[in-house]
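# Understanding the architecture of this molecule
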Amino acid sequence: MLIDFVPDKNLYPFESRWFDSSAGRIHYIDEGSGPTILFCHGVPTWSFIYRDIVKELRGRYRCIAVDYLGFGLSERPAEFGFTVAGHTAVLGELIDHLGLDDFVVMGHDWGGPIGLGAATTRVDRVRGIVLGNTLFWPPEVLANQVFSRVIRTGLMQRQILERNFLVERVLLSELGRTIGPAETEHYRAVQPSAEARRGLGVIAKQIRDARPLLDQLSRDVPALLADKPTLLVWGMKDLVYRPKDCIPRIRDTFTDLEVVELPTARQFIQEYASDTIAQAIEKRFQ
């Protein structure tokens with residue numbers, strides 16, 4: 001299944017590019033020239049969430065932002081599992097296909113484990129890391145564990161598939177008046193039906209199902225990536241990736257870390273503080 005939505009060029013002024021991975025056709029953008037930054041989105045978003053950051057940086061950097069299979073404009077392959085491990089493998093294929101070297105990887109939300117997972121097997125090619133409201137270990141907070149049980153139920157899975165719960169009640173309910181009707185439509189239109197949302201249903205369960213992968217990352221990231229220059233940009237009002245639970249562990253992991261706090265931002269930081277994030281990236285990775 002392919003998505004036939006055409007983004008507004010005023011909001012998303014980029015050329016769409018495509019890569020036929022071993023699992024399906026993925027959409028990405030590749031804008032500008034200079035040092036490479038690979039942007040990995042979270043759930044239930046797509047590369048659109050990085051639009052203003054890419055517009056700000058593409059004059060000085062090569063900015064690549066990908067849509068995972070099941071997200072954005074990418075294919076919804078019938079045989080794909082839509083797991084975090086699967087997304088990580090496909091992202092690795094894209095990195096290799098593009099021949100990326102000396103690149104910075106930015107991961108937000110589930111894009112953290114996905115981007116870091118690809119980076120741990122390509123350590124010598126990674127220049128640096130940007131993390132925003134994410135983790136690379138199994139969630140240990142009770143609220144996250146409760147949510148992981150609830151989101152697996154048949155009722156919640158029907159809400160995700162039939163009522164687009166993750167877009168309507170998680171993403172758009174948070175953003176409220178932060179974005180306008182046109183931006184809202186760009187998040188809704190790429191998940192137009194229950195069939196299109198199969199990937200959302202699966203990844204919602206990954207809070208528990210991806211524990212083996214997250215256990216591995218909790219060992220691999222400190223062992224393999226700890227000395228990479230790292231930037232942390234954090235929405236301090238996030239109730240999912242709470243600062244007090246996440247930032248100290250990240251501080252303990254990376255030896256060359258800079259932290260930028262976004263005091264008014266919640267989970268979807270790119271929609272609150274794109275300018276601040278772009279400026280922090282440029283300062284950190286000149």
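Since the structure is predicted, the reported quantities are computational estimates derived from the model, not experimental observations. (Residues numbered from 1 in each chain as written. Predicted model: local features only at pLDDT ≥ 70, side-chain atom pairs only at ≥ 80, totals over all residues. Heavy atoms only, no water.)

## Concerning the overall build of the chain
Filter applied, for reference: Strands are runs of DSSP state E lasting at least two residues, helices are runs of H or I lasting at least four, and both sets are numbered from the N terminus onward. Computation of the radius of gyration draws on C-alpha atoms alone. For the globule rule, the value is 2.2 Å times the number of residues to the power 0.38. Partly exposed residues are those whose accessible area sits between 20% and 50% of the maximum for their type, while under 20% is buried and over 50% is exposed, using a 1.4 Å probe and protein chains only. Reported accessibility uses the Shrake-Rupley method at a 1.4 Å probe radius. Residues are deemed covered only where the shown protein chains occlude them. Positive charges are assigned to Lys and Arg, negative charges to Asp and Glu, while His and the chain termini are left out of the count. Note that the charge is assigned to NZ on lysines, CZ on arginines, CG on aspartates and CD on glutamates.
Secondary structure summary: the chain contains eleven helices and eight strands in total. For the chain, whose C-alpha radius of gyration is 17 Å, the value lies close to the compact-globule estimate of 19 Å for 286 residues. Each principal axis of the C-alpha distribution contributes one length, and for the chain these read about 45 × 40 × 40 Å. Looking at the chain residue by residue over its 286 residues, the buried ones come to 58%. Split by element, the accessible area of the chain, about 11700 Å² in all, is 48% carbon and sulfur. Taking the 34 positively charged and 37 negatively charged side chains of the chain as two groups, their mean positions are separated by 5 Å.

## Side note on the packing of helix H2 (residues 84-98) against helix H3 (residues 111-120)
Helix packing for two helices is described by the angle between their axes and how far apart those axes are. Our working definition: Axis definition: a line fitted to C-alpha atoms, over the contacting stretch in the case of helices. Angles run 0 to 180 degrees between N-to-C directions. If an angle is under 35 degrees, it is roughly parallel; if it is over 145, roughly antiparallel; if it lies from 65 to 115, roughly perpendicular; otherwise it is oblique. For any pair of crossing helices, the crossing counts as left-handed if the nearer helix is rotated counterclockwise from the farther one by less than a right angle, and right-handed if it is rotated clockwise. When checking whether two residues touch, look at their non-hydrogen atoms; a contact exists if any pair is within 4.5 Å. All residues other than Ala, Val, Leu, Ile, Met, Phe, Trp, Tyr, Cys, Pro, Asp, Glu, Lys and Arg, Gly among them, are scored as polar; the first ten of these are nonpolar and the last four charged.
Orientation of H2 relative to H3, taken along the N-to-C sense of each, is 50°, at an axis distance of 8 Å. Classified by the interaxial angle, the pair formed by H2 and H3 is oblique. In the crossing of H2 with H3, the sense of the turn from one axis to the other is right-handed. Contacts between H2 and H3 involve Val84, His87, Thr88, Leu91, Gly92 and Ile95 on the former and, on the latter, Pro113, Ile114, Gly115, Gly117 and Ala118. For the contact of H2 with H3, a count of residues per class yields six nonpolar, five polar and no charged.

## Here we look at the pairing of strand S3 (residues 36-40)
What counts is decided by this rule: What makes two strands pair is DSSP finding at least two bridges between them.
For S3, a buried count of five out of five residues is recorded, marking the element as mostly surrounded by other parts of the structure. Neither face of S3 is exposed, since Thr36, Leu38 and Cys40 on one face and Ile37 and Phe39 on the opposite face are all buried. Strand direction decides the pairing type here: S3 and strand S4 (residues 62-66), joined by five bridges, are parallel. Bridge pairing in S4 places Ile37 opposite Cys63.

## A look at helix H7 (residues 181-189)
All of the buried residues in H7 are Glu183, Thr184, His186, Tyr187 and Ala189. Those residues of H7 hidden inside the fold are in contact with helix H1 (51-57) and helix H6 (165-175).

## Here we look at the packing of aromatic side chains
As a reminder of what qualifies: Aromatic pairing here means that ring centres of Phe, Tyr or Trp (its six-membered ring) are within 6.5 Å. Orientation follows from the plane angle: under 30 degrees is stacked, over 60 is edge-to-face, and everything else is tilted.
Under the defined criterion, the tally for this structure stands at ten aromatic pairs. When the centroid spacing of 5.3 Å and the interplanar angle of 85° are considered together, the rings of Phe48 and Tyr187 count as edge-to-face. Taken together, the residues span a long stretch of sequence, with Phe48 in the loop between S3 and H1 and Tyr187 in helix H7 at a distance of 139 residues. For the residue pair Phe48 and Tyr187, the accessibility class agrees, reading buried in each case. Here the aromatic cluster, defined as three or more aromatic residues joined through ring pairs, consists of Tyr12, Phe14, Trp46, Phe48 and Tyr187.

## Some thoughts on the environment of Ala280
With respect to the secondary-structure elements, Ala280 resides in helix H11 (residues 274-284). Taking relative accessible area as the criterion, Ala280 reaches 12% and is therefore assigned buried. The contact partners of Ala280, leaving out residues within four places of it in the chain, are Leu231, Val233 and Val260.

From the geometry alone we can't say anything about function, so treat these as descriptive.
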